[in-house]
Amino acid sequence: MSSLISIVVPSYNEEKNVVVLYRQIDTLFASLDYNYELLFVNDGSTDNTQQVIEQLGTQTNNVFFIQLSRNFGHQAALKAGLDRARGDAIISMDADLQHPTKIIPELLKNWEQGFDIVTTQREKTDGQRFLKKTTSHLFYKLLNSIADIKLHPGAADFRLMDAKVVRVFSNFNENQLFIRGLVHWLGFKQKTISYTADARLNGTSSYSLKKMVRFAIDGFTSFSSKPLWIAIYLGFFFASTSLLFVPYILWSYFTGVTVPGWSSVLLTIVFFGGLQLMVLGIIGTYIGKIFTEVKQRPQYIIKATNLP
Ligand code: UDP
Ligand code: MG
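Residues numbered from 1 in each chain as written. Chains lettered and ligands numbered in written order. Predicted model: local features only at pLDDT ≥ 70, side-chain atom pairs only at ≥ 80, totals over all residues. Heavy atoms only, no water.

J.: Residues and numbers for the overall build of the protein, please.
T.: Regarding its fold elements, the protein presents 11 helices and eight strands. A total of 308 residues make up the protein; the buried ones form 44% of that total. Look at the contacts in the protein between residues 6 or more apart in sequence, and 84% of them connect residues 24 or more apart. In the form shown here, the protein has an accessible surface area of approximately 16,400 Å², with 62% of it arising from carbon and sulfur atoms. (Helix = DSSP H or I, 4+ residues; strand = E, 2+ residues; numbered from the N terminus. Buried < 20%, exposed > 50% of the residue type's maximum accessible area, 1.4 Å probe, protein only. Contact = heavy atoms within 4.5 Å. Areas by Shrake-Rupley, 256 points an atom, 1.4 Å probe, with all protein chains shown as cover.)

J.: Requested: an account of the pattern of salt bridges, with residues and values cited.
T.: Under the counting rule described, the total for this entry stands at six salt bridges. Across the salt bridge formed by Asp 157 and Arg 180, the nearest N and O atoms sit 3.2 Å from each other. In this pair, Asp 157 is assigned in strand β6 (residues 155-162) and Arg 180 in helix α7 (residues 179-186), connecting sequence segments 23 residues apart. There is no split in this pair, since Asp 157 and Arg 180 are both buried. Among the ionic pairs, Lys 164 bridges to Asp 162, the shortest N-O distance being 3.9 Å. Since its relative accessible area comes to 43%, Lys 164 is described here as partly exposed. (Salt bridge = Lys/Arg side-chain N within 4 Å of Asp/Glu carboxyl O.)

J.: For the coordination of the magnesium ion (ligand 2), give the residues involved together with the corresponding values.
T.: Bound to the magnesium ion (ligand 2) on the protein side are Asp 96 (OD) and Gln 98 (OE1), at distances that span 1.9 Å. Overall, the relative accessible area of 3% leaves Asp 96 in the buried class. (Donors = N, O, S within 2.8 Å, 3.2 Å for Na, K, Ca; no water.)

J.: So what's going on with the nonpolar core? Residues and values would help.
T.: Of all hydrophobic cores here, the largest spans 35 residues; its most connected members are Ile 7 and Phe 29. A total of six residues in this core trace back to one element, the largest contributor, which is helix α1 (residues 18-30). Other than its neighbours up to four places away in sequence, Ile 7 contacts Ile 25, Phe 29, Glu 37, Leu 38, Leu 39, Ile 91, Met 93 and Ile 104. (Core = buried A, V, L, I, M, F, W, Y, C linked by side-chain atoms within 4.5 Å.)

Shown next as structure tokens:
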């Protein structure tokens, strides 16, 4: 019997894209010797995504949906899909057709050859905005130099994982998921293949600059405690250099020119105030993470599904 392949697709306001994606996948698998299930995770869409995938589900026998109770974010939606996928291999991809389905046979070929995780690397995106291109490039450069993990620039959540890897991954309960980094951390036999991303078919990217900055900060702080060390070194450096001020202060005191010194005092206060805020911010980010993790809330809540 041929293996079952699950395709997990987190979808947020993708009403115009899901059917196109389904057709592409269905045509592709018609020529492959595999069974497949297509699992859409509706991440609290505000458009008709739910109706469209529900209808697809009734018209076919291998399209399934998971409806989350609200928008939990791309990473949580993906985790929801991975947790419920039943295939022998699970492929995750975006709904907006930026991840070309034509790469799927290559993913499967590598899986057959014994790779447990086949990740993909984006070479260049047709029609991607300059801002997004440079920010994502910078992001990976920074992440690799600061965090304790190695990530390829252009790594996206388009990959194949063997069922045994996905089962391990399902046991991860952390709330601030950064799946890209975790996958590398998992180990197993991994391989990376390259592809050219297409432009988004319909709708707009829901990763605004603000979201991307958040994602970047999450990436750093989930995989590294180095920023805390930076905070400590910075604090130490400035605290010791500020000691150099002492002779000057004493001199000013004895020569009676204390009042003209207000500008340097003000400068110091402003400078150290800023520095302290920055360091507090770094520490606060970690405390915030501890706070969300200790609550042990579920990563997502399923409202409805047509999975048996
Ligand atoms: N997505 C999601 N929840 C969100 C935002 C996005 O499930 O809160 C999905 C979206 O439908 C798409 C994928 O995640 O399938 C990637 O999102 P997008 O295309 O907006 O990101 P980009 O390609 O710009 O990185
Ligand atoms: Mg996209």
